[in-house]
Amino acid sequence: MIISVLSGKGGTGKTTVAVNLALSLAETERPILLDADVEEPNVALYLKPDVIVDEVLPVSVPVPEIDLAKCNYCGRCAEFCQFNALAVINGSVMTFPELCHGCGGCAIVCPNRAIREVPRRIGTVEKGSSGPLEFWQGRLNIGEPFAVPVTRLLKQGLSELEGETAVIIDAPPGTACTVVEAIRGSDYALLVTEPTPFGRHDLDLAIQLVRQMRIPHGVIINRAGSNNEIIVDLCNKRNVPILLVIPFSTRFAAMGAKGIPFSRVMPDWQKEFRRLYHAIKELCQCVN
Amino acid sequence: MRIAISVTGQDLDSSLDPRFGRCPYFLLVDPETEEHQAVPNPGISAGGGAGIKAAQEVVNQGVKTLITGQCGPNAFNILTAGGIKILQAPAGPVRRVLELYKQGELAEVNAPGMAKQGMQGRGFR
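The rules we used
- Throughout, a residue's number is its position along its own chain's written sequence, starting from 1.
- The naming scheme follows written order: chains are lettered A onward, ligands numbered 1 onward.
- Given that the model is predicted, a residue must reach a pLDDT of at least 70 before its local features are reported, and side-chain atom pairs must reach 80 or more before they are shown or counted; all residues, however, enter totals for whole chains, interfaces and linings.
- Each residue is represented by a C-beta atom placed from its backbone, and any two residues with such atoms within 7 Å are regarded as in contact.
- Helical segments are the DSSP runs of H or I of at least four residues, strand segments are the runs of E of at least two, and each set is numbered from the N terminus.
- Residues are grouped as follows: Ala, Val, Leu, Ile, Met, Phe, Trp, Tyr, Cys and Pro are nonpolar; Asp, Glu, Lys and Arg are charged; every other residue, Gly included, is polar.
- Burial is judged by counting other C-beta atoms within 10 Å of a residue's own C-beta: 20 or more means buried, 12 or fewer means exposed, and anything between counts as partly exposed, with every C-beta placed from the backbone.
- Here the rule is simple: two strands pair whenever DSSP picks up at least two bridges between them.
- Where each domain starts and ends follows an automatic or database-derived domain assignment.
- Angles shown run from 0 to 180 degrees and are taken between the N-to-C directions of axes, each axis being a line fitted to C-alpha atoms and, for helices, limited to the stretch in contact.
- Orientation categories follow fixed angle ranges, with anything under 35 degrees roughly parallel, anything over 145 roughly antiparallel, 65 to 115 roughly perpendicular, and all other angles oblique.
- Each crossing gets its handedness from the near helix: less than a right angle anticlockwise from the far helix is left-handed, clockwise is right-handed.

1. Points about the interface of chain A and chain B
Part 1 of the reasoning: Between chain A and chain B, the residue contacts involve 14 residues of the former and 16 residues of the latter.
Part 2 of the reasoning: Residue assignment for the side of chain A that touches chain B shows that the elements contributing at least two residues are β4 (86-89) and β5 (92-95) of chain A.
Part 3 of the reasoning: Of the residues in the side of chain A that touches chain B, the class split is 11 nonpolar, 3 polar and no charged.

2. Quick notes on the pairing of strand β1 (residues 3-7) of chain B
Residues and elements named next belong to chain B.
Part 1 of the reasoning: Burial of β1 is extensive: 5 of the 5 residues sit out of reach of the surface.
Part 2 of the reasoning: Alternating residues of β1 divide into I3, I5 and V7 and A4 and S6, and every residue in both groups is buried.
Part 3 of the reasoning: As paired strands, β1 and strand β3 (residues 25-29) are joined by 5 bridges and run antiparallel to one another. Each bridged residue has a counterpart across the sheet, and for S6 the counterpart in β3 is F26.
Part 4 of the reasoning: Bridge analysis of β1 against strand β5 (residues 65-68) gives 2 bridges, and the strand direction is parallel. Note on β5: the bridge partner recorded for I5 is I67.

3. Structural notes on the domain arrangement of chain A
Part 1 of the reasoning: Along its sequence, chain A is organised into domain 1 (2-49 + 131-287) and domain 2 (62-121).
Part 2 of the reasoning: A C-alpha centroid distance of 40 Å is found between domain 1 of chain A and domain 2 of chain A.

4. A short note on helix α2 (residues 73-81) of chain B
Part 1 of the reasoning: For α2(B), the complete set of buried residues consists of N74(B), A75(B), F76(B), I78(B) and L79(B).
Part 2 of the reasoning: Residues of α2(B) that are buried in the fold lie against β4 and β5 of chain A together with α1 (50-60), β5 and β6 (85-88) of chain B.
Part 3 of the reasoning: One or two steps after α2(B), the chain reaches G83(B), where phi turns positive at roughly 70°.

5. Here we look at the packing of α1(B) against α2(B)
Any two packed helices are characterised by how steeply their axes cross, that is the angle between the axes, and by the distance between the axes.
All names here are of chain B.
Part 1 of the reasoning: Axis separation between α1 and α2 bottoms out at 8 Å; the angle between their running directions is 20°. Judged by the angle between their axes, α1 and α2 are roughly parallel. Once α1 is placed against α2, the crossing between them reads as right-handed. Seen from α1, the contacting residues are G51, I52, A54, A55, Q56, V58 and V59; seen from α2, they are N74, A75, I78 and L79.
Part 2 of the reasoning: Residues of the contact of α1 with α2, tallied by class, amount to 8 nonpolar, 3 polar and no charged.

6. Overview of the pairing of strand β4 (residues 36-40) of chain B
Two faces belong to every sheet, and in a regular strand the side chains alternate between them.
All names here are of chain B.
Part 1 of the reasoning: As paired elements, β3 and β4 share 5 bridges and run antiparallel to each other. Looking at the pairing, L28 lines up with Q37 of β4.
Part 2 of the reasoning: Between β3 and β4, which pair antiparallel one after the other, the connecting turn spans 6 residues, and E34 there sits at a positive phi close to 65°.

Given below as structure tokens:
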């Protein structure tokens, strides 16, 4: 079963939830925890013992290389490219590899077969473990604009898993392509939010996203306090269950700042996260 | 010899658009006769690489001089490779810009400005 943790708004506690959930299940379910926030992976900061990396996979995208001996500067490649990764000017072809999405269309439309695709490294996928927890993370190189190929390779291994492995995916913030790729194929989506107007607004965007992707979903209110009703009200309107409420307290904040997942030192919360996992499992069985 | 100006409208009564990649039109003007023709900027609807698309269009139009506010590094490199002189002018009526051009008052741009100013970096990916 694959559970994705996303939020819409950044900084609501996705990583906190993903890490605590995975650790609470570590002994019984042997879950795989994925950090799919490949632009700024931070799950590893919360994992003790330190992550041991067993495998590093390079992530590349194909980009055009022009054979100027064959090119007649007709400009079809530049015309075709929807991302303007090529320009043809006065007897020269300029490529802008950082804009290329790797579709290969330029090579197909070139009437002179002057374009071939060459790989360009944009990041890495690392697979390893921290104690009983299997841990995978993607890492986009600094300055690279397209994270999706890294996320795609990170998740590729999931399709090869056998049996009923529990997979927890820590998604990036927002509701754009990187999030879509991170949560695609999930059995359940946990939407983490905070009781602020911004939290509510972006939670609504996240709800619309998972609805469109037909992923069953429920809400976790983090930093819960006096203003919870703005989230409760939205969840009632959208008919989304609230599965867990994590209070706003300095204890949690202090542990977060030290990189300690709070369930490690509060066994009651381990039980809460296990209860959450089993509730989700049941919800998924109802759907199937 | 016609020159290209990044503009907000389709004639001499419009204004210079200081954004190069995301301006709606390029006005191709003969400074002597003031004969002119507006061409739509294909860069305006680009998801990314607007400056590249716009620069390719300006090169294709065969002009040797461009007047705009600023352009980013990618556009700058294409325009330079295309042998186009880039002159900088402030936003304002096109007629005024033409006057300044004829008086030789416009400074040449010799280095690219910052990238992604046309949409403040909000182009989607």
